[in-house]
Amino acid sequence: PIGRLAADSTTGPVLRGQLGLVLQARDFAAGIGLEAKQTFTTYSDVGRDTLLLVLSAAPRNCLCPHTWKFPIVGKIPYKGFFDPRMARREADRLDAKGFDTYLRPAAAFSTLGWFNDPLLSTALTGDSVELAALVLHEIAHNTLYVKSATPFNESFAQLVGYRGAEAFFRGLGDSTLAVRAADRWHDETVLSEYYAELSARLDSLYGAAPDSAAVDLGRAALAVWAREQLEGPVGARFRTYRIGRLSDRPINNAR
């Protein structure tokens, strides 16, 4: 139980501080009407730096996510794997079918309040703002989750996470962290504008129905544009995120 660990003097001071913050953020979430239930009342050290891998896939000539269908949550444009070998086999299978694929680590997940999700050690890698936002994000999923509506669900939880973290820290009288949370949300909105523009350019390319060679050339050109934007005007607008010189990164519709 987090309460017991946070009160135990033998718990390391950094972990005690993080666990105390989680309990405060949980109380704040419940206080503003979110369904905290028993989410993040216990802590588990998973003994490794990666909890699970998440796979996304999309055709090479369309921003059309491949979906998996599950009970309760409906169609989801990603699939999680606790076994890395299973994840890579599934990615290889979709690669062989000509899909763009993207495997990434995830530090946390939500069972939408169906189970008492523990706080996992992999979730403690960010700063205080990210930790508070994570707590609020996952509890937001308990509160409202629309079947087969991943873009809405994740956007809603991101909004609750960062704007909630700003209000949470202001309530604690910590204006420094409140401003950092507001700046983090600002950076997220800057990124959303960037991705909207990149998506529109890709849609135009794919909508012209070029052959595969033209698609490859167009994607390469847009990859250069995307990198230049992040290194230039988009990156200059960030308040908390830092982007240095980027290596070549090809367009990947799944990513």
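(A) Representation of helix α4 (residues 128–143). An ideal rise of 1.5 Å per residue puts 22 Å on 16 residues; α4 measures up with 23 Å between its terminal C-alpha atoms. The buried fraction of α4 is high, at 13 of 16 residues. The N-capping residue of α4, defined by a side-chain oxygen 3.2 Å from the backbone nitrogen of V129, is D127.

(B) Spatial organisation of the packing of aromatic side chains. All told, the structure shown has eight aromatic pairs when counted by the stated rule. Taken together, a centroid distance of 6.4 Å and an interplanar angle of 40° make the contact between Y162 and W185 tilted. One end of the pair, Y162, is in helix α5 (residues 150–171); the other, W185, is in helix α6 (residues 175–207), and 23 residues separate them in sequence. Judged by relative accessible area, Y162 falls into the buried class, the value being 5%. Counting every residue linked through ring pairs, the aromatic cluster contains F28, F168 and F169.

(C) Region of interest: the side chain of Q18. Within the secondary structure layout, Q18 lies in helix α2 (residues 13–31). Those residues within four positions of Q18 in sequence are excluded, and the remaining contacts are L124 and L131.

(D) Molecular detail of the state of the cysteines. This structure, assessed with the given rule, holds one disulfide. Note that C62 is cross-linked by a disulfide to C64, the S-S spacing being 1.6 Å. A relative accessible area of 24% means that C62 is categorised as partly exposed.

(E) Expanded view of the nonpolar core. Judged by nonpolar contacts, the single largest core of 32 residues is most densely connected at V22, L119, A165 and F169. In terms of residues, this core owes the most to one element, α4, which gives nine residues. In this structure, L202, L222, A223 and I251 belong to the second largest nonpolar core, which totals 16 residues.

(F) Just helix α3 (residues 84–96), in detail. For α3, spanning 13 residues, the distance from its first C-alpha to its last is 18 Å, which sits close to the expected 18 Å at 1.5 Å a residue. In this structure, the buried side of α3 is in contact with β2 (52–59), β3 (68–70), β5 (79–81) and β6 (99–106). Here α3 starts with a cap whose side-chain oxygen sits 2.9 Å from the backbone nitrogen of R85, and that cap is D83. Immediately beyond the C-terminal end of α3, within one or two residues, lies G98, with a positive phi of roughly 95°.

(G) Quick look at the sheet that holds β6. The antiparallel open sheet is built from three strands, whose spatial order is β5-β2-β6. Strands at the two margins of the open sheet, each flanked by one partner only, are β5 and β6. Across the sheet, the mean angle from the axis of one strand to that of its neighbour is 25°, orientation sign disregarded. Summarising the sheet, β2 and β5 pair through three bridges and their orientation is antiparallel. Bridge pairing in β5 places L53 opposite F81.

The rules behind each value
- Positions within a chain are numbered from 1, following the residues in the order the chain's sequence is written.
- For a predicted model such as this one, the threshold for reporting local features is a pLDDT of at least 70, and the threshold for listing and counting side-chain atom pairs is 80 or more; totals across whole chains, interfaces and linings nevertheless cover every residue.
- As a convention, hydrogens and water are excluded, and side-chain values are obtained from all of the structure's heavy atoms.
- Only DSSP runs of H or I with at least four residues qualify as helices, and only runs of E with at least two residues qualify as strands; both kinds are numbered from the N terminus onward.
- One less than the number of residues in a helix, times 1.5 Å, gives the span that helix is expected to have.
- Residue burial is assigned from relative accessible area. The probe radius is 1.4 Å, only protein chains are included, and a residue is buried under 20% of its type maximum, exposed over 50%, and partly exposed in between.
- Each polar contact in these results corresponds to two N or O atoms within 3.5 Å; when the atoms are within protein, one needs to be able to donate a hydrogen and the other to accept it, and residues that are neighboring in sequence are counted only if both atoms are side-chain atoms.
- Any pair of Phe, Tyr and Trp rings, taking the six-membered ring for Trp, is counted once the centres come within 6.5 Å. Such a pair is stacked with planes under 30 degrees apart, edge-to-face with planes over 60 apart, and tilted for the rest.
- The contact criterion used is simple: two residues touch if any of their non-hydrogen atoms lie within 4.5 Å.
- Sulfur atoms of two cysteines make up a disulfide when they are within 2.5 Å.
- Within this scheme, the nonpolar core is defined by two criteria: the residues are buried Ala, Val, Leu, Ile, Met, Phe, Trp, Tyr or Cys, and they are joined through side-chain atoms within 4.5 Å.
- At least two bridges found by DSSP between two strands are what make those strands a pair.
- Only the contacting stretch of a helix is used when fitting its axis, a line to C-alpha atoms as for every element, and angles between N-to-C directions run 0 to 180 degrees.

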